[in-house]
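As a plain string of letters, each chain reads:
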Amino acid sequence: MGMPNAGSKTFQATPPDKGSFPLDHDGECKQSMKVFLECLRKNNNNGRKCRVESKAYLQCRMEKQLMAKEDWAKLGYAQTPDTAPTAASAPQQQQQPSRTASSQ
(Lines give C-alpha, C1' and ligand atoms only; values in the text may rest on other atoms or scores of the structure.)
Protein backbone atom coordinates (compact mmCIF):
# COMPACT_ATOMS: atom_id res chain seq x y z
CA MET A 1 0.00 0.00 0.00
CA GLY A 2 1.52 3.32 -1.09
CA MET A 3 1.40 6.65 0.63
CA PRO A 4 -1.35 8.93 -0.80
CA ASN A 5 0.89 11.99 -1.23
CA ALA A 6 4.06 10.21 -2.26
CA GLY A 7 5.46 11.64 -5.46
CA SER A 8 2.64 14.16 -5.94
CA LYS A 9 3.48 17.59 -7.28
CA THR A 10 2.97 20.72 -5.24
CA PHE A 11 0.00 22.87 -6.14
CA GLN A 12 0.78 26.13 -7.95
CA ALA A 13 -1.83 28.85 -7.48
CA THR A 14 -2.85 30.70 -10.62
CA PRO A 15 -4.56 34.08 -10.88
CA PRO A 16 -8.33 33.99 -11.40
CA ASP A 17 -9.82 34.20 -14.87
CA LYS A 18 -11.38 37.48 -15.96
CA GLY A 19 -14.70 37.83 -14.24
CA SER A 20 -13.53 36.01 -11.13
CA PHE A 21 -12.73 38.13 -8.14
CA PRO A 22 -11.94 37.66 -4.45
CA LEU A 23 -14.65 37.39 -1.85
CA ASP A 24 -15.33 40.42 0.30
CA HIS A 25 -14.12 38.80 3.54
CA ASP A 26 -13.92 42.14 5.37
CA GLY A 27 -17.39 43.27 4.30
CA GLU A 28 -16.10 46.43 2.64
CA CYS A 29 -18.95 46.44 0.11
CA LYS A 30 -21.52 44.61 2.20
CA GLN A 31 -23.93 47.54 2.44
CA SER A 32 -24.07 48.15 -1.32
CA MET A 33 -24.42 44.39 -1.88
CA LYS A 34 -27.37 44.26 0.54
CA VAL A 35 -29.08 47.19 -1.19
CA PHE A 36 -28.59 45.52 -4.58
CA LEU A 37 -29.90 42.15 -3.38
CA GLU A 38 -32.89 43.82 -1.69
CA CYS A 39 -33.68 45.61 -4.95
CA LEU A 40 -33.56 42.29 -6.81
CA ARG A 41 -35.85 40.71 -4.22
CA LYS A 42 -38.38 43.54 -4.49
CA ASN A 43 -38.32 43.37 -8.29
CA ASN A 44 -38.62 39.58 -8.74
CA ASN A 45 -34.92 39.32 -9.70
CA ASN A 46 -35.37 41.74 -12.59
CA GLY A 47 -31.84 43.11 -12.86
CA ARG A 48 -32.88 45.88 -15.27
CA LYS A 49 -34.76 47.59 -12.45
CA CYS A 50 -31.66 47.48 -10.22
CA ARG A 51 -28.99 48.83 -12.56
CA VAL A 52 -28.12 51.79 -10.33
CA GLU A 53 -27.72 49.51 -7.31
CA SER A 54 -25.72 47.01 -9.33
CA LYS A 55 -23.42 49.71 -10.62
CA ALA A 56 -22.90 51.10 -7.11
CA TYR A 57 -21.94 47.62 -5.89
CA LEU A 58 -19.47 47.08 -8.73
CA GLN A 59 -18.06 50.58 -8.19
CA CYS A 60 -17.41 49.75 -4.55
CA ARG A 61 -15.69 46.49 -5.50
CA MET A 62 -13.46 48.29 -7.99
CA GLU A 63 -12.58 51.06 -5.51
CA LYS A 64 -11.69 48.51 -2.82
CA GLN A 65 -9.66 46.46 -5.32
CA LEU A 66 -11.96 43.46 -4.96
CA MET A 67 -12.17 43.31 -8.74
CA ALA A 68 -10.21 44.79 -11.60
CA LYS A 69 -11.24 48.25 -12.74
CA GLU A 70 -13.16 47.91 -15.96
CA ASP A 71 -14.73 50.31 -18.42
CA TRP A 72 -18.46 50.65 -17.66
CA ALA A 73 -19.33 49.95 -21.30
CA LYS A 74 -17.61 46.56 -21.03
CA LEU A 75 -19.75 45.80 -17.99
CA GLY A 76 -22.96 46.73 -19.80
CA TYR A 77 -23.44 50.18 -18.26
CA ALA A 78 -22.72 52.41 -21.25
CA GLN A 79 -26.15 54.07 -21.08
CA THR A 80 -26.56 54.16 -17.29
CA PRO A 81 -26.19 57.52 -15.56
CA ASP A 82 -23.03 57.81 -13.50
CA THR A 83 -24.73 57.84 -10.14
CA ALA A 84 -23.32 56.10 -7.11
CA PRO A 85 -26.29 56.55 -4.74
CA THR A 86 -28.83 53.79 -4.55
CA ALA A 87 -32.57 54.04 -5.02
CA ALA A 88 -32.88 53.75 -1.23
CA SER A 89 -30.87 56.94 -0.81
CA ALA A 90 -32.56 60.29 -0.74
CA PRO A 91 -32.29 61.98 -4.13
CA GLN A 92 -29.61 64.59 -4.29
CA GLN A 93 -30.90 67.95 -5.40
CA GLN A 94 -28.62 70.35 -7.16
CA GLN A 95 -28.65 73.83 -5.78
CA GLN A 96 -29.57 76.52 -8.23
CA PRO A 97 -27.05 79.34 -8.41
CA SER A 98 -28.43 82.34 -6.63
CA ARG A 99 -29.21 85.28 -8.84
CA THR A 100 -27.98 88.62 -7.72
CA ALA A 101 -29.21 91.81 -9.23
CA SER A 102 -26.27 93.77 -10.49
CA SER A 103 -27.90 96.78 -12.04
CA GLN A 104 -25.10 99.23 -11.49
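The numbers attached to residues start from 1 for each chain and follow its sequence in the written order. It should be noted that, the model being predicted, local features are given only for residues of pLDDT at least 70 and side-chain atom pairs only at 80 or more, the latter also being counted only at that level, while totals for whole chains, interfaces and linings use all residues. Hydrogens and waters are ignored; side-chain quantities use all the structure's heavy atoms.

Going by an unreviewed UniProt entry, the chain carries the name Cytochrome c oxidase assembly protein COX19 and comes from Salpingoeca rosetta. UniProt positions are given in the numbering used here, feature names are shortened, and annotations may be inferred rather than shown by experiment. Of the comments in the UniProt record for the chain, the one headed Sequence similarities (unreviewed entry) reads "Belongs to the COX19 family." Database annotation for the chain, UniProt heading Subcellular location (unreviewed entry): "Cytoplasm".

(A) Representation of the packing of helix α1 (residues 30-42) against helix α2 (residues 51-63). An axis is simply a line fitted to the C-alpha atoms; with a helix, the fit covers only the stretch in contact. Between two such axes, the angle follows the N-to-C directions and lies from 0 to 180 degrees. Comment: elements are numbered from the N terminus, with helices defined as DSSP H or I runs of at least four residues and strands as E runs of at least two. Between α1 and α2, whose axes approach to 9 Å, the crossing angle comes to 155 degrees. One finds that α1 runs roughly antiparallel with respect to α2. Our pair here, α1 against α2, has a crossing hand that is left-handed. Along its contact with α1, which presents S32, M33, V35, F36 and C39, the element α2 presents E53, S54, A56, Y57 and C60. The class makeup of the residues in the contact of α1 with α2 is seven nonpolar, two polar and one charged. An angle below 35 degrees is treated as roughly parallel, one above 145 as roughly antiparallel, one from 65 to 115 as roughly perpendicular, and anything else as oblique. Take the far helix as your reference; a near helix turned counterclockwise from it by less than a right angle gives a left-handed crossing, and one turned clockwise gives a right-handed crossing. Here, residues are in contact when the closest pair of their heavy atoms is within 4.5 Å. In this count, Pro and Cys sit with the nonpolar residues alongside Ala, Val, Leu, Ile, Met, Phe, Trp and Tyr, while Asp, Glu, Lys and Arg are called charged and the others, Gly among them, polar.

(B) Main features of the state of the cysteines. Here, the term disulfide refers to a pair of cysteine sulfur atoms separated by no more than 2.5 Å. Taken as a whole and judged by the stated rule, the model has two disulfides. Each sulfur in the disulfide pair C29 and C60 lies 2.0 Å from the other. Given an S-S torsion of about -90 degrees, the disulfide between C29 and C60 has left-handed geometry. Of the two residues, C29 is situated in the segment before α1 and C60 in helix α2; the sequence distance between them amounts to 31 residues. Pair check on accessibility: C29 and C60 agree, each one buried. With its sulfur 2.1 Å from that of its partner, C39 forms a disulfide with C50. The chirality of the disulfide connecting C39 with C50 is left-handed, given an S-S dihedral of about -95 degrees. With C39 in helix α1 and C50 in the loop between α1 and α2, this pair connects stretches of sequence that are 11 residues apart. Once the disulfide-bonded cysteines of the chain are ranked by sequence position, their pairing pattern turns out to be 1-4, 2-3. Burial classes: relative accessible area under 20% of the type maximum marks a residue as buried, over 50% as exposed, and values in between as partly exposed (1.4 Å probe, protein chains only).

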